[in-house]
Amino acid sequence: MRTERKQQGFLVYEMEWDDRVQQAMECLARMQAAALSDEAACRVGALFPRWEPGVEYQAGERIADGVGNLYRVVQGHTSQADWPIDATPALYTPLGLTEEEPDAVPEWVQPTGAHDAYQTGDRVRYEGVVYRSLVDHNVWVPGESDAWEAEDSTQR
């Protein structure tokens with residue numbers, strides 16, 4: 001929905017007002033999505049940058065796969081086509097909700113260091129129980145430390 005006009009023999013494309021409003025709304029939604037908790041952000045994964053090869057990602061950044069499932073970058077790196085987001089757990093951690101299982105919570109995995117430790121609010125499933133991290137840089141086993149809180153099974 002763009003208009004065109006000739007200017008000195010060239011075609012010039014201008015955005016119509018509705019296109020400018022749409023672009024502004026999308027920009028605002030992306031800015032607000034960045035401030036959401038992981039759980040809420042998973043519901044709007046398509047508002048986050050989409051994974052692409054050849055992009056430099058920073059640890060902690062949230063990115064989406066091709067269908068809007070959200071992942072956290074575990075360690076800073078430049079993405080490569082042979083390191084796909086859904087098959088490289090050393091680089092990307094899935095964040096809860098997925099297209100196939102919208103209520104899924106990822107299984108707890110023992111962190112190998114600060115780069116993949118759990119942060120406050122992260123939710124995991126461990127031995128059939130859903131836990132929420134109460135601290136940043138959480139490397140402890142759920143249920144064996146005060147760093148985790150078991151969620152009430154009636155909440156979800």
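Cut-offs and rules
Residues numbered from 1 in each chain as written. Predicted model: local features only at pLDDT ≥ 70, side-chain atom pairs only at ≥ 80, totals over all residues. Heavy atoms only, no water. Pairing = 2+ DSSP bridges. Helix = DSSP H or I, 4+ residues; strand = E, 2+ residues; numbered from the N terminus. Axes fitted to C-alpha atoms, helices over the stretch in contact; angles between N-to-C directions. Salt bridge = Lys/Arg side-chain N within 4 Å of Asp/Glu carboxyl O. Buried < 20%, exposed > 50% of the residue type's maximum accessible area, 1.4 Å probe, protein only. Polar contact = N/O pair within 3.5 Å; in protein donor to acceptor, adjacent residues only side chain to side chain. Contact = heavy atoms within 4.5 Å. Patch = residues over 30% accessible without salt bridge, like charges linked within 9 Å, V, L, I, M, F, W, Y side chains within 5 Å. Areas by Shrake-Rupley, 256 points an atom, 1.4 Å probe, with all protein chains shown as cover. pLDDT = per-residue confidence, 0-100. Phe/Tyr/Trp six-rings, centres within 6.5 Å; stacked < 30°, edge-to-face > 60°.

## Regarding the sheet that holds strand 5 (residues 70-73)
- One open sheet holds the 3 strands; their spatial order is 4-5-7, and the pairing between them is antiparallel. Only two strands of the sheet have a single partner each, and these edge strands are strand 4 (62-64) and strand 7 (92-94). Taking each pair of neighbouring strands and ignoring which way they run, the sheet shows an average axis angle of 40°.
- With 3 bridges joining them, strand 4 and strand 5 adopt antiparallel strand pairing.

## Some thoughts on the pattern of salt bridges
- Across all of its chains, the model carries 6 salt bridges by this definition.
- Here R72 and D38 are joined by a salt bridge, their closest N and O atoms 2.3 Å apart. Remark: D38 occurs in helix 2 (residues 38-42) and R72 occurs in strand 5; sequence separation between them is 34 residues. Across the pair, exposure class does not vary: R72 and D38 are buried alike.
- For E151, the salt bridge goes to R123, with nearest N and O atoms at 2.7 Å. Residue E151 is located in the segment after strand 10 (148-150), and its partner R123 is located in strand 8 (residues 123-126); the two are separated by 28 residues in the primary sequence. Here E151 and R123 have matching classes, each one buried.
- Each of D38, R62, R72 and D122 takes part in one network of salt bridges that share partners.

## Some thoughts on the pairing of strand 8
- Bridging between strand 8 and strand 9 (residues 129-133) involves 4 bridges; their strand directions are antiparallel. From the neighbouring strand, V124 faces strand 9, where its bridge partner is Y131.

## Some points on the side chain of H77
- Structurally, the position occupied by H77 is in strand 6 (residues 77-78).
- Classification of H77 as buried rests on a relative accessible area of 11%.
- Within the local environment of H77, its side chain forms a polar contact with the side chain of Y92, the two groups lying 2.7 Å apart.
- Residues contacting H77, with those up to four places away along its chain left out, are V55, E56, Y57, W83, L91 and Y92.

## Some thoughts on a nonpolar patch on the surface
- A cluster of nonpolar side chains, contributed by W17, V21 and M25, occupies part of the molecular surface with about 350 Å² of accessible area.
- By the element assignment, V21 lies in helix 1 (residues 17-33).

## Overview of the side chain of E151
- For E151, a relative accessible area of 18% translates into the label buried.
- Those residues in contact with E151, other than ones at most four positions away along the chain, are R123, V130, Y131 and R132.

## Considerations on the confidence of the model for the protein chain
- Averaged over every residue, the pLDDT of the protein chain is 83; residues scoring 70 or more account for 88%.
- Of all helices and strands in the protein chain, the one with the weakest mean pLDDT is strand 1 (residues 2-7) (61), whereas strand 3 (residues 56-57) scores best (96).

## Brief notes about the packing of aromatic side chains
- Per the stated rule, a full pass over the model turns up 2 aromatic pairs.
- Arranged with centres 5.5 Å apart and planes meeting at 70°, the rings of Y118 and W148 form a pair that is edge-to-face. Placement of Y118 in the loop between strand 7 and strand 8 and of W148 in strand 10 is noted, with a sequence separation of 30 residues between them.
- The class for Y118 is buried, based on a relative accessible area of 11%.

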